[in-house]
Amino acid sequence: MASVTYKHVWKRYGDVEVLKDIQLEINDKEFLVLVGPSGCGKSTALRCLAGLEEVTQGEILIGDRVVNDVSPKDRDIAMVFQSYALYPHMTVFDNMAFGLKLRKTPKEEITRRVNAAAATLGLERLLQRKPRELSGGQRQRVALGRAIVRNPQVFLLDEPLSNLDAKLRVQTRSEISKLHKRLQTTFIYVTHDQVEAMTMADRIAVMHKGIIQQLDTPQTLYNMPANLFVAGFIGSPSMNFFNAKIKVNDGNVYIVNDSFTLHVPDDKKAPYLELNDHDIIFGIRPENIHNPEYCPPGIESAEVEATIDVTEMMGNEIFVYCVAGSTQFVARVDPRSNFTINETVKLVFDMGNFHVFDPAVEAENPPAIR
């Protein structure tokens, strides 16, 4: 088992910077997820660790050993790819045993390791089947088994669930989480799916344009995003954003735009008292916007008038897509709500749960104001 450290890692392809000064410490036995949109550099960061890409600048350590110049086969890592990469002419047993045979592991040891991994993954009755006789989920478990038999210091998983259907994806991510707890090994997992990241990770590194935007626990990322990108990426549906201004009057703080004036509760106004007339981006999550008829008790409520554009019944909740002034937003409301298209309604914003970002500091990715 081992920790992993990225020390000021850069990766360039000519003039294109794919990784920009990555500094990251992954603890021994931790389940860390690299998440971000396509092209953000997360898979490149994983491939640099695996030795499939050369680092342009900086160092990568596995444990206390710098591995920049160590060949992939000697890094003591195992990688599971998005494609299963199984040999179609081999049985499940032979696919799982293949890497061990290349290392000239004794036959008895190969059999012991493959049987142990098969038991862990529920593959015991499938060992003599060929990949074409397996479902997608079974094939992915074989790919995981092939990695497990290596007993590596670090597991690298590059979007391993992308080829599975929605139900199987939920089931398999649960199996991977259980597997991590059983094996007590360092897992580094790459995905563009923030739901996978939130449900599986001990910590999440959110990446955008080759830069780690924030590294923290799932709950902290959700409750205290560092900037506008993290706030919009983490959460489904994503956070709503409104262009607005801070207004301070007689010690009271208000958030004002072309369609609402929201009073900021006294226990949350301190960061904004010196920002009178300051342009901001106001953010609020869909679950913090309520139908007044079914509003939770005890919240700091502020009413906003909006027009209903689209409704989506989800069974246990309704997603309501609304327009207020020039801004579209989505609310996640009680399933008993009865809204009709083009109806003008009052909705309640929970002012105990909102976020403010400062576009004056950095136009592309404004930081949070706290």
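Our structure's up above, just so we're on the same page.
Throughout what follows, the structure given in this document is the object of discussion. Sequence positions are assigned chain by chain, starting from 1 and proceeding in written order. For a predicted model such as this one, the threshold for reporting local features is a pLDDT of at least 70, and the threshold for listing and counting side-chain atom pairs is 80 or more; totals across whole chains, interfaces and linings nevertheless cover every residue. Hydrogens and water are ignored here; the side-chain numbers use all heavy atoms of the structure.

### Side note on the pattern of salt bridges
Link 1 in the chain: We define a salt bridge as a side-chain nitrogen of Lys or Arg found within 4 Å of a carboxyl oxygen belonging to Asp or Glu. Tallied over the entire structure, the rule returns 15 salt bridges.
Link 2 in the chain: Arginine 47 is paired through a salt bridge with glutamate 53; the nearest N and O atoms lie 3.4 Å apart.
Link 3 in the chain: Partly exposed residues are those whose accessible area sits between 20% and 50% of the maximum for their type, while under 20% is buried and over 50% is exposed, using a 1.4 Å probe and protein chains only. Classification of arginine 47 by relative accessible area gives partly exposed; the value is 29%.
Link 4 in the chain: In this structure, the salt-bridge partner of lysine 247 is aspartate 277, at a minimum N-O distance of 2.5 Å.

### Regarding the sheet that holds strand S16 (residues 301-313)
Link 1 in the chain: Ordered by their spatial adjacency, five strands build an open sheet running S15-S19-S16-S17-S18, and the pairing between neighbours is antiparallel. Each edge of the open sheet is held by one strand with a lone partner, namely strand S15 (289-290) and strand S18 (327-333).
Link 2 in the chain: Here, a strand pair is defined by DSSP locating no fewer than two bridges between the strands. What counts as a helix is a DSSP run of H or I of at least four residues, what counts as a strand is a run of E of at least two, and both are numbered from the N terminus. Bridge analysis of S16 against strand S19 (residues 344-350) gives seven bridges, and the strand direction is antiparallel. Bridging from a neighbouring strand, valine 304 pairs with leucine 347 of S19.

### Side note on the pairing of strand S12 (residues 252-256)
Each regular strand displays side chains that alternate between the two surfaces of the sheet.
Link 1 in the chain: Of the two faces of S12, the one holding Val253 and Ile255 is buried and the one holding Asn252, Tyr254 and Val256 is not buried anywhere.
Link 2 in the chain: Note that strand S11 (residues 240-249) and S12 share five bridges and pair antiparallel. The residue of S12 that forms the bridge with valine 248 is valine 253.
Link 3 in the chain: Hairpin connection of S11 to S12: two residues between the antiparallel strands, including aspartate 250 at a positive phi of 55°.
Link 4 in the chain: Between S12 and strand S13 (residues 261-263), which follow one another and run antiparallel, lie four residues.

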